[in-house]
Amino acid sequence: MEQQQFDDAYLVARTQGGHLGAFEVLVERYQARVYRVALRMLANPHDAQDAAQDAFVQAWKGLASFRGDSAFSTWLYRIITNRCLKFLRDRPRTQPLPETHEAPAGRPDQVAEANARRHALHAAIAALRPEQRAALVLREFEGCTYEEVAAILAITVPAVKGRIHRARLELLDAMQPWT
């Protein structure tokens, strides 16, 4: 089954009809995004892998009752976000996000300063309250609209905007030494 050939709604319907290959296409389509959200939320590659795998298992088990009231992607983002929030509530993490960038070019002192600034930003994001981090990650890193974030987190758009605003203020405060 060609991955790009079918839309999500068709693949969901085929999966609900018992076609395992259709679910495999959905997993292939979304596995990188789901893992990326988990990694940004949990700041640990091993934990992110576990959460992503759990999310797909939960999606598989719950797909029979998926009614299509929202897009499949929104539903899947909700599953991974809730999984990560539960993980963070059960075992709070404040470690910095893993470095997943290319090394900056420049003089050694500039490179060291850029790395220190990036590390401070990752630590500041990791220190956000889980609900703020979820809204920020979905909006700023995943490019979801405010409406999509609201649907994923099951809150109102004004609540999303408030969480993101507070997260940005905390990040600005944490990054004050670097400005």
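Reading the values: rules and limits
Residues numbered from 1 in each chain as written. Predicted model: local features only at pLDDT ≥ 70, side-chain atom pairs only at ≥ 80, totals over all residues. Heavy atoms only, no water. Salt bridge = Lys/Arg side-chain N within 4 Å of Asp/Glu carboxyl O. Helix = DSSP H or I, 4+ residues; strand = E, 2+ residues; numbered from the N terminus. Buried < 20%, exposed > 50% of the residue type's maximum accessible area, 1.4 Å probe, protein only. pLDDT = per-residue confidence, 0-100. Contact = heavy atoms within 4.5 Å. Phe/Tyr/Trp six-rings, centres within 6.5 Å; stacked < 30°, edge-to-face > 60°. Axes fitted to C-alpha atoms, helices over the stretch in contact; angles between N-to-C directions. Parallel < 35°, antiparallel > 145°, perpendicular 65-115°, else oblique. Left-handed = near helix turned anticlockwise from the far one by under 90°. Nonpolar A, V, L, I, M, F, W, Y, C, P; charged D, E, K, R; others polar. Polar contact = N/O pair within 3.5 Å; in protein donor to acceptor, adjacent residues only side chain to side chain.

Novice: What is the right way to look at the pattern of salt bridges in this model?
Specialist: Side chains that differ in sign of charge can pair as their charged atoms come close. Throughout the structure, instances matching the rule amount to eight salt bridges. Note that R36 is salt-bridged to E142, the shortest N-O span being 2.7 Å. Residue R36 is located in helix α2 (residues 20-42), and its partner E142 is located in the loop between α6 (130-141) and α7 (146-153); the two are separated by 106 residues in the primary sequence. Taking relative accessible area as the criterion, E142 reaches 13% and is therefore assigned buried. In the salt-bridge network here, residues are joined through shared partners; they are R36, R40 and E142.

Novice: In this structure, what is going on with the confidence of the model for the protein chain? I would like to understand it.
Specialist: Atom-level detail of predicted coordinates should not be read off regions where pLDDT is low. With 90% of its residues at a pLDDT of 70 or more, the protein chain shows a mean pLDDT of 87. Contacts from residues 93-101, a stretch scored under 50 in pLDDT, to residues over four places away or in other chains number 33 contacts.

Novice: How do you make sense of the packing of aromatic side chains when you look at a structure like this?
Specialist: Here the structure, examined in full by the defined rule, presents six aromatic pairs. Ring geometry for F72 against W75: centres 5.8 Å apart, planes inclined by 45 degrees, an arrangement best described as tilted. You can see F72 and its partner W75 sitting in helix α4 (residues 72-90), three residues apart, about one turn around the helix. Note on accessibility: F72 and W75 belong to one class, buried. Pairwise contacts between aromatic rings join Y30, F66, F72 and W75 into one cluster.

Novice: Sorry if this is basic, but what is going on with the packing of α4 against α7 here?
Specialist: In helix packing, the relevant descriptors are the interaxial angle and the interaxial distance, both defined with respect to the helix axes. One way to put it is that α4 packs onto α7 with a least axis distance of 8 Å and a crossing angle of 55 degrees. Relative to α7, the element α4 is oriented oblique. In the crossing of α4 with α7, the sense of the turn from one axis to the other is right-handed. When α4 is examined against α7, the residues T74, Y77, R78 and T81 are found in contact with a partner set consisting of E148, A151, I152 and L153. Its residues assigned to classes, the contact of α4 with α7 comprises four nonpolar, two polar and two charged.

Novice: Just checking my understanding: could you explain the side chain of Q132 for this structure?
Specialist: With respect to the helices and strands, Q132 occurs in helix α6. Exposure remark for Q132: the relative accessible area of 3% places this residue in the buried category. There is a polar contact of 3.4 Å between the side chain of Q132 and the side chain of E170. Not counting chain neighbours up to four residues away, the residues in contact with Q132 comprise R163, R166, A167 and E170.

Novice: Could you clarify how one ought to interpret unusual backbone geometry in this entry?
Specialist: Excluding glycine, most residues fall at negative phi; most peptide bonds, likewise, are trans. Positive phi is not limited to glycine here, since A43 has a value of about 60 degrees. The topology assignment puts A43 in the loop between α2 and α3 (45-62). With a relative accessible area of 5%, A43 lands in the buried category. Its identity is not glycine, yet A154 carries a phi of approximately 60 degrees, on the positive side. Mapped onto the elements of the fold, A154 is located in the loop between α7 and α8 (157-174). Judged by relative accessible area, which is 57%, A154 ranks as exposed.

Novice: Just to check I follow, could you spell out the packing of α2 against α3 for this structure?
Specialist: One way to put it is that α2 packs onto α3 with a least axis distance of 8 Å and a crossing angle of 145 degrees. Along this stretch, α2 crosses α3, giving a crossing that reads as right-handed. In this structure, α2 uses L20, F23, V27, Y30, Q31, V34, Y35, A38, L39 and L42 to contact α3, whose residues at the interface are P45, D47, A48, Q49, A51, A52, A55, F56, A59 and W60.

Novice: For this particular structure, what's the right way to read the environment of L76?
Specialist: One can find L76 in helix α4. A relative accessible area of 1% places L76 in the buried class. The spacing of L76 and Q58 is 18 residues in sequence and 9.4 Å in space, taken between C-alpha atoms. If near-sequence neighbours (up to four positions away) are discounted, L76 is found in contact with Y30, V34, F56 and A59.

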